Amino acid sequence: MKKKKVLVACGAGIATSTVVNNAIEEMAKEHNLTIDLVQIKIAEVASHKDTADLLVTTAMTKVEYPFPVINARSFLTGIGTDETKKQILEALKA
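Residues numbered from 1 in each chain as written. Predicted model: local features only at pLDDT ≥ 70, side-chain atom pairs only at ≥ 80, totals over all residues. Heavy atoms only, no water.

1. Quick look at the overall build of the chain
Scanning the chain from terminus to terminus reveals three helices and four strands. The secondary structure elements of the chain, listed N-terminal to C-terminal, are β-α-β-β-β-α-α. With respect to the principal axes defined by its C-alpha atoms, the chain has extents near 30 × 30 × 20 Å. Counting over 94 residues, the chain shows a buried share of 44%. In the chain, of all internal contacts separated by at least 6 residues, the share reaching a separation of at least 24 is 57%. For the chain, the accessible area works out to roughly 5,400 Å², and carbon and sulfur atoms hold 52% of it. (Helix = DSSP H or I, 4+ residues; strand = E, 2+ residues; numbered from the N terminus. Buried < 20%, exposed > 50% of the residue type's maximum accessible area, 1.4 Å probe, protein only. Contact = heavy atoms within 4.5 Å. Areas by Shrake-Rupley, 256 points an atom, 1.4 Å probe, with all protein chains shown as cover.)

2. Topic: helix α3 (residues 81-93)
Taking 1.5 Å of rise per residue, the 13 residues of α3 would be expected to cover 18 Å, and the 18 Å separating its terminal C-alpha atoms lies within 8% of that figure. Where α3 is buried, its residues meet β1 (4-10), α1 (15-30), β2 (35-41), β3 (54-57), β4 (69-71) and α2 (74-77). (Expected span 1.5 Å × (residues − 1).)

3. A look at unusual backbone geometry
Negative phi values dominate among residues other than glycine, just as trans dominates among peptide bonds. One non-glycine residue, Asn32, lies in positive phi territory at about 55°. Turning to its location among the elements, Asn32 is positioned in the loop between α1 and β2.

4. Comments concerning the packing of aromatic side chains
Enumeration over the complete set of coordinates arrives at one aromatic pair. Here the aromatic rings of Tyr65 and Phe67 are separated by 5.4 Å at their centres, their planes lie at 5°, and the arrangement is stacked. Both residues of the pair, Tyr65 and Phe67, count as buried. (Phe/Tyr/Trp six-rings, centres within 6.5 Å; stacked < 30°, edge-to-face > 60°.)

Below, the structure is given as structure tokens:
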């Protein structure tokens, strides 16, 4: 399976994206998935649109991208994390 490039974005690319980045890193290890995690600001997503396979974000975006976009605010609230993890894994295995 090809290595997937996963963008992890929040408003500033620092605080909340670090929480999500760490969670995805753990999930990838648990499921033996090889991924390339790139932690960025939401404003930087467009510069990766031709190379990314997935965007996981805590920020709001109304822009359409050629890859799945998964809302990861559940990692911050603790509500619905299992469903979010399931969505991320399905996107990574696709």
